[in-house]
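The residues making up each chain are set out below.
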Amino acid sequence: MTASTHWLASATGQSVLERGGNAFDAAVAAAFVLHVVEPHLNGPGGDVTAVFATAADPTPVVLNGQGPAPAAASIEHYRAEGLDLVPGAGGLAAAVPGAVDAWVVLLRDHGTWELADVLEPAIGYARDGHPVIGRVGTTIASVADLFREHWPSSAELWMPGGRVPQAGDVITNPAWARTLERLLAAGADAGSRTERIEAFRREWREGFVAREAVEFLRTPHRHSSGTDHAAVVEVSDFAGFSAGYEQATTIEFRGTTVAKTGPFGQGPVLLQALRILDGFDDADLDPSTVRGAHTVLEALKLALADRDAWYGSAADPEVLRELLSEEYAAARRALITDRASHEFRPGSVGGRAPFVPPLRTEAPSAVGVGEPTLGEPTVQAAADVEGDGAGEADVDASGTTRGDTCHVDVVDRWGNVVSATPSGGWLQSSPTVPELGFCLGSRLQMTWLEEGAPSALRAGERPRTTLTPTLLLRDGVPVEALGTPGGDQQDQWQLLYLLRTLVGGYEPQQAIDAPALHTTSMPGSFWPRTWTPGGAVVEDRIGEEVIAGLVERGHVVTRSGPWALGRLSCAGRDPRTGVLHAAANSRGAQGYAVGR
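Our subject in this report is the structure included herewith.

Scoring rules and cut-offs
- Residues numbered from 1 in each chain as written.
- Predicted model: local features only at pLDDT ≥ 70, side-chain atom pairs only at ≥ 80, totals over all residues.
- Heavy atoms only, no water.
- Helix = DSSP H or I, 4+ residues; strand = E, 2+ residues; numbered from the N terminus.
- Rg over C-alpha atoms; globule rule 2.2 N^0.38 Å.
- Buried < 20%, exposed > 50% of the residue type's maximum accessible area, 1.4 Å probe, protein only.
- Pairing = 2+ DSSP bridges.
- Axes fitted to C-alpha atoms, helices over the stretch in contact; angles between N-to-C directions.
- Contact = heavy atoms within 4.5 Å.
- Salt bridge = Lys/Arg side-chain N within 4 Å of Asp/Glu carboxyl O.
- Phe/Tyr/Trp six-rings, centres within 6.5 Å; stacked < 30°, edge-to-face > 60°.
- Parallel < 35°, antiparallel > 145°, perpendicular 65-115°, else oblique.
- Nonpolar A, V, L, I, M, F, W, Y, C, P; charged D, E, K, R; others polar.

1. Some words on the overall build of the protein chain
Scanning the protein chain from terminus to terminus reveals 19 helices and 21 strands. Against the globule reference of 25 Å for 596 residues, the protein chain gives a C-alpha radius of gyration of 22 Å, in line with a compact fold. Overall, the C-alpha framework of the protein chain stretches about 65 × 60 × 50 Å when taken along its three principal axes. Here the protein chain holds 596 residues, and the buried ones make up 63% of them.

So this is what it looks like as structure tokens:
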């Protein structure tokens, strides 16, 4: 079974499985197709985080495809450039690209196919074209002036002849097709599959890709700050990064092991929220009721506050152990009352005071570029109703969310299972490198220019990413992979899914389709890093009674429209029967689950 956020990626992954490939061959093939068909949501210059298990070893493992900050990236340099936040778009926001190397490493170690065969579908779609989805055109249109006036190489690729592509137009990216073919050619004379893959990696990290990207971004260009800056990434930064593996972080919840990333990602947020909620009765955990929705929102606020106070790539392992302990969860649980909190309330760990980030409720007035450059999905909402801090606000006429992330889940007949969330390097994150056909990402915007922050900008360290795939196990055996795009909402929407399946007894597709909600009562991970104290975003389908009940309890409610929140997908296997399942999201009409 293959499920992802785009039908062409899912179909590609499934075609690999049909021809004898395993889950890793299929996931890598699907991922490179996602680079091509969802360019506004991810790209080769971005990143990926995955959690997987093999048929031979069911132990969950994290794939680290999150590149670090360049060696020349420092708080002092960015402050000297007149910045108090890392910009949300432009070369200064670029971490070292990690996605391509990570996918190829995963294929090398756990796949079976030749790299050229795995990349053939992506090369075909880039060279010969594919019908573009409407949101690509909408995204390009929103940054068309930026492209014309400041990023001409992006305009040339994404607006050929000055025209924004419309839904159904066939678009191509011949430069990216040539780049992949040149990378494959680097290993053409190698003697083994592994040597061919290593030659590809070497050319990516030390050859023409690194050289072209670095040289192009040396020229100052427009950033989301409204000012021009040169990037600081160097060829040595590309060469110095190598994707690898890490131990997953796990807890038990209702008889299921939930496996996530460590605190270099936001994965422990889901685990902390589950720990807090595990102390409530089942009746308190139905997100479709006033009581359940309120309880979930309050638990998420506490877990997310701890994320911003304690998480980072260099976080002390002892800190995470305490954050996930039963004792700490009980203390946090006691803070939940019948009223919505409008405070930022991280906990104290080991007797130490938590870091409190700058708490902004308004974005800078001079953005300099269009809003779609600003990061992962947020609801396009009007201002909240004025009053005593509680109220409602309607989403604008689009009734949609913006996004820049993808997801893919694959499970095969042998029991290999992969959950992966590719992101970054979307077409609106920095100027396109003309010879390569892609741009670098903007993940460094998640770091703080504050020395005391656990996720401060530090040379050579990974930014604390939002990418947070999930693997579920029972009795030590993997049973399901799941995840979603959504920035700060990724673990929030996955929490709803887990509560509905593990507590409520929903089938996977029922749980995905059920009305969603999330909190915005924490500093956003993406520029301009604002928050809405007490903010709660809900799909209208949750019902007027629930919405009114949340407002009565003090939540600042934003209506998102009926089908707006989340793009979650999943794929799994019953180890007892060997029967496979998958489900995908109908929101946005892009998600697709397929299998046999």
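2. Notes on the sheet that holds strand β2 (residues 47–53)
Judged by pairing direction, the sheet is antiparallel, and its seven strands sit side by side in the order β8-β3-β2-β13-β12-β1-β21 without closing on themselves. A single partner strand is all that each edge strand has here, and the edge strands are β8 (244–247) and β21 (592–594). Strand-to-strand twist of the sheet, defined as the mean angle between neighbouring strand axes without regard to direction, takes the value 15°. The sheet contact formed by β2 and strand β13 (residues 417–423) spans seven bridges and is antiparallel. Looking at the pairing, A53 lines up with V417 of β13. Where helix α1 (residues 7–18) meets the sheet, its contacts fall on β1 (2–4), β12 (408–411) and β21, and the angle it forms with β1 comes to roughly 160°. Relative to the sheet, helix α4 (residues 99–110) contacts β2, β3 (61–65), β8, β12 and β13, its axis offset from that of β2 by approximately 25°.

3. Concerning the pattern of salt bridges
Per the stated rule, a full pass over the model turns up 36 salt bridges. Salt-bridge contacts for D574 lead to R576; the nearest nitrogen and oxygen are separated by 4.0 Å. Note on D574: relative accessible area 28%, which makes it partly exposed.

4. A look at the packing of aromatic side chains
Tallying each qualifying case throughout the model produces six aromatic pairs. Ring geometry for F147 against W151: centres 5.9 Å apart, planes inclined by 25°, an arrangement best described as stacked. Summarising the burial analysis for this pair, F147 and W151 share the class buried. An aromatic cluster is built from F24, F52 and Y245, whose rings are joined through pairwise contacts.

5. Digging into the sheet that holds strand β19 (residues 569–573)
Pairing between the strands of a sheet comes from backbone hydrogen bonds, and it takes one of two forms, parallel or antiparallel. Taken in spatial order, the six strands of this open sheet run β9-β10-β14-β15-β19-β20, and their pairing is antiparallel. Taken across any chain shown, the strands that pair with only one partner, and hence form the sheet edges, are β9 (249–253) and β20 (580–583). For this sheet, the mean angle separating the axes of adjacent strands, direction not counted, is 20°. Relative to β20, β19 runs antiparallel, the two being bridged by four bridges. Bridge pairing in β20 places G572 opposite H581. On top of the sheet, helix α13 (residues 267–277) reaches β9, β10 (256–260) and β14 (470–474); it is set at about 25° to β9, its chief contact. Contacts from helix α17 (residues 490–503) reach β9, β10, β14, β15 (477–483) and β19, with the element oriented near 135° to β15.

6. Brief notes about the environment of A353
Here A353 is to be found in the loop between α16 (326–333) and β11 (391–394). Under the relative-accessibility criterion, A353 is labelled exposed at 66%. Here the alpha-carbon distance between A353 and E246, two residues 107 residues apart in the chain, equals 28 Å.

7. Section: the packing of helix α10 (residues 193–206) against helix α11 (residues 208–217)
Two elements in contact, α10 and α11, have axes separated by 4 Å at closest approach and are oriented at 20°. Between α10 and α11, the angle is such that the two are roughly parallel. Residues E203, W204, R205 and E206 of α10 touch α11, and the partners they reach there are F208, V209, A210 and R211. Each residue belonging to the contact of α10 with α11 can be placed in one class, and the counts come to four nonpolar, no polar and four charged.

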